[in-house]
Structure formats: C-alpha cells, structure tokens
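Geometric and topological summary
What follows is each chain in one-letter form.
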Amino acid sequence: MMTSTNKTALLIGATGLIGNLLARQLVDSPIYEKVKVLVRKSLPWQHPRLQEVQFDFDHPNGLVTQADDIFCCLGTTIKKAGSQEAFRKVDYQYPLDIARLGLANGAKQFAIVTAMGADSKSMFFYSRVKGDVERDLAALNYPTLLIFRPSLLMGNRRQEDSRLGERIAESVMGLLNPLVPDKYKGVQASKVANAMLTTAQQGLTGKHVFESDALQKF
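To keep things clear, this report deals only with the structure shown in the data block.

Reading guide: rules and limits
Residues numbered from 1 in each chain as written. Predicted model: local features only at pLDDT ≥ 70, side-chain atom pairs only at ≥ 80, totals over all residues. Heavy atoms only, no water. Axes fitted to C-alpha atoms, helices over the stretch in contact; angles between N-to-C directions. Helix = DSSP H or I, 4+ residues; strand = E, 2+ residues; numbered from the N terminus. Parallel < 35°, antiparallel > 145°, perpendicular 65-115°, else oblique. Left-handed = near helix turned anticlockwise from the far one by under 90°. Contact = heavy atoms within 4.5 Å. Nonpolar A, V, L, I, M, F, W, Y, C, P; charged D, E, K, R; others polar. Pairing = 2+ DSSP bridges. Expected span 1.5 Å × (residues − 1). Bend = angle between axes of the 7 residues up to and from the residue. Buried < 20%, exposed > 50% of the residue type's maximum accessible area, 1.4 Å probe, protein only.

The subject of this paragraph is the packing of helix 1 (residues 17–28) against helix 6 (residues 189–199). Where helix 1 meets helix 6, the closest approach of the two axes is 8 Å, and the angle between their N-to-C directions is 50°. Here helix 1 lies oblique to helix 6, going by the angle between them. Along this stretch, helix 1 crosses helix 6, giving a crossing that reads as right-handed. Touching Leu-17, Ile-18, Leu-21, Leu-22, Gln-25 and Leu-26 of helix 1 are Ala-189, Ser-190, Val-192, Ala-193, Asn-194, Met-196 and Leu-197, all from helix 6. Residues belonging to the contact of helix 1 with helix 6 are distributed by class as follows: 10 nonpolar, three polar and no charged.

The structure is reproduced here in structure tokens:
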C-alpha cells in the first residue's frame, strides 16, 4: 500500500496528451508532496501540490530541476516544429538537458515516453531521434531509467494539438484493434501515464524498457 512521502516529482511536457494525464495522477498520488512542472505557459488548472515553473528550455536553469523523480512526456512533430532540426531539439536535446541537470541535482529516476520502433540506427528520422535520446540517456547512468514505447496514442487531445492524420488513424485502429497483435494496437494515453507513475514506485534499478504490449496491461 502506498503511503505519503515527501518526495518531489518533476514533469516536462505537462501540456501534452500523456503529460496532462500524468500531471493529474501525480498530484493525486500520496507519494509526492510536490509536483513541479516546467512550462512555457500556465496549465488551465491548479492544485495545492502543483508548482508551475516558467522555464526557458533553450537557457535552462538547473536549480529548478531538483527532484527525486523526473518524468518526460515532451514531444512534437516535424510539421509543428517546422524542421527536422527543431524537432530534434524538442524530442532529443531538451529531454537530455533536463536529465543531465536533474541528475546533477540529485534525481534518482528518469522516466521518458519515446515511441515504438525507437532505434538510433533506424532509416527513419523520427525513430532514429527517439533511439538517440534513449541511447544517450542510458549513458548518463541514472540509478533508474524507465523508457516507455507506445504505439499509436489514443485519447482526447486539445483542439490545437489535434492532428487529422492521427484522428483518422485512431478511428481505423479502434476498428482493427481486436485483430492486431498487442504490440501494434493503439494504446490509451491514460495507460501510458498510469504505467509511468506505477513503475516509478516499484523500486526498479537500472534501465527498463516497456513496449506497447506491456503498456496495455496498465
């Protein structure tokens, strides 16, 4: 049974699909006394345990990264970022910067959402970037590194984040899910958020990778 502690969680990517769900789970968890979120703009909701920190990811202040557990749900698309270089900055450089700063300030766990097929040797740019960030996070030697690789994410996105292609894919996947192997089925974002919170409390050490079929169980 979980009991209340004085641990601090740090979350980046709190405005995204998974991040918003995880933020709400973190503040409701008795495990964390404080939940810090690094944001560029305020969240549309507040909570007594929630501490928003206005943060410049291009000029990071390491002092505000102090936390026990760090959760990274940061991510974008090439279309939204505007270029491959800008995409790599958000999906690779920012998570790695926060991980380094957090480790230097005493963090013990780092949990990150990447993607199914992440591989630094992939011929696909998207998968290669995800693989690169996994590889370089592992090289930091965190006491605990948790990596989550979901397939197509399903859930209610904010209108400004809604993407036509993903909406169509979700609809198709919803029909085909019963016929698709678990590893490739669309996964609810709430399950990914729950997996991140749950596994962070299991006392795991070393690097652990959770593929999409494992996430379906949460």
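Phi is positive for Asn-141, close to 60°, though the residue is something other than glycine. If you trace the backbone, Asn-141 turns up in the loop between helix 4 (125–138) and strand 6 (144–149).

This paragraph deals with the sheet that holds strand 2 (residues 32–39). Strands in a sheet are paired, the pairing made by backbone hydrogen bonds, and the direction either parallel or antiparallel. The parallel open sheet is built from seven strands, whose spatial order is 3-2-1-4-5-6-9. Two strands lie at the open edges of the sheet, namely strand 3 (50–54) and strand 9 (206–211), each paired on one side alone. Shown here is a sheet whose adjacent strand axes are inclined to one another by a mean of 15°, direction ignored. Sheet analysis places strand 2 next to strand 3, joined by five bridges and oriented parallel. In the strand pairing of strand 3, Lys-36 is matched with Gln-51. The strands touched by helix 1 within the sheet are strand 1 (7–12), strand 2, strand 3, strand 4 (69–72) and strand 5 (109–113), with strand 1 carrying the most contacts at an inclination of about 165°. Contacting strand 2, strand 4, strand 5, strand 6 and strand 9, helix 6 runs over the sheet at an angle of about 165° to strand 5.

Take helix 3 (residues 84–104) next. Over its 21 residues, helix 3 extends 29 Å from the first C-alpha to the last, a length consistent with the 30 Å expected when each residue adds 1.5 Å. Of all the bends found along helix 3, the most pronounced is centred on Val-90 and spans about 35°. Burial in helix 3 covers these residues: Phe-87, Val-90, Asp-91, Tyr-92, Tyr-94, Pro-95, Leu-96, Asp-97, Ile-98, Ala-99 and Gly-102. On its buried face, helix 3 is in contact with strand 1, strand 2, strand 4, helix 2 (78–81), strand 5 and helix 4. Where helix 3 ends, the next residue or the one after it, Gly-106, has phi of about 100°, a positive value.

Turning next to the environment of Cys-73. Tracing the backbone through its elements, the reader meets Cys-73 in the loop between strand 4 and helix 2. Assessed through its relative accessible area of 13%, Cys-73 is described here as buried. Put simply, Cys-73 and Val-113 are 40 residues apart on the chain and 5.5 Å apart in space, counted from C-alpha to C-alpha. Excluding residues within four positions of it along the chain, Cys-73 makes contact with Leu-11, Ile-12, Gly-13, Ile-18, Gly-19, Leu-22, Val-113 and Met-196.

Our next topic: the packing of helix 3 against helix 4. Where helix 3 meets helix 4, the axes come as close as 10 Å, and the angle between the chain directions of the two elements is 15°. On the basis of the axis angle, helix 3 is roughly parallel to helix 4. Relative to helix 4, helix 3 is oriented so that their crossing is right-handed. Mapping the contact onto sequence places Gln-84, Phe-87, Arg-88, Asp-91, Tyr-92, Pro-95, Leu-96 and Ala-99 in helix 3 and Phe-125, Tyr-126, Val-129, Lys-130, Asp-132, Val-133, Asp-136 and Leu-137 in helix 4. Grouping the constituent residues of the contact of helix 3 with helix 4 by class yields 10 nonpolar, one polar and five charged.

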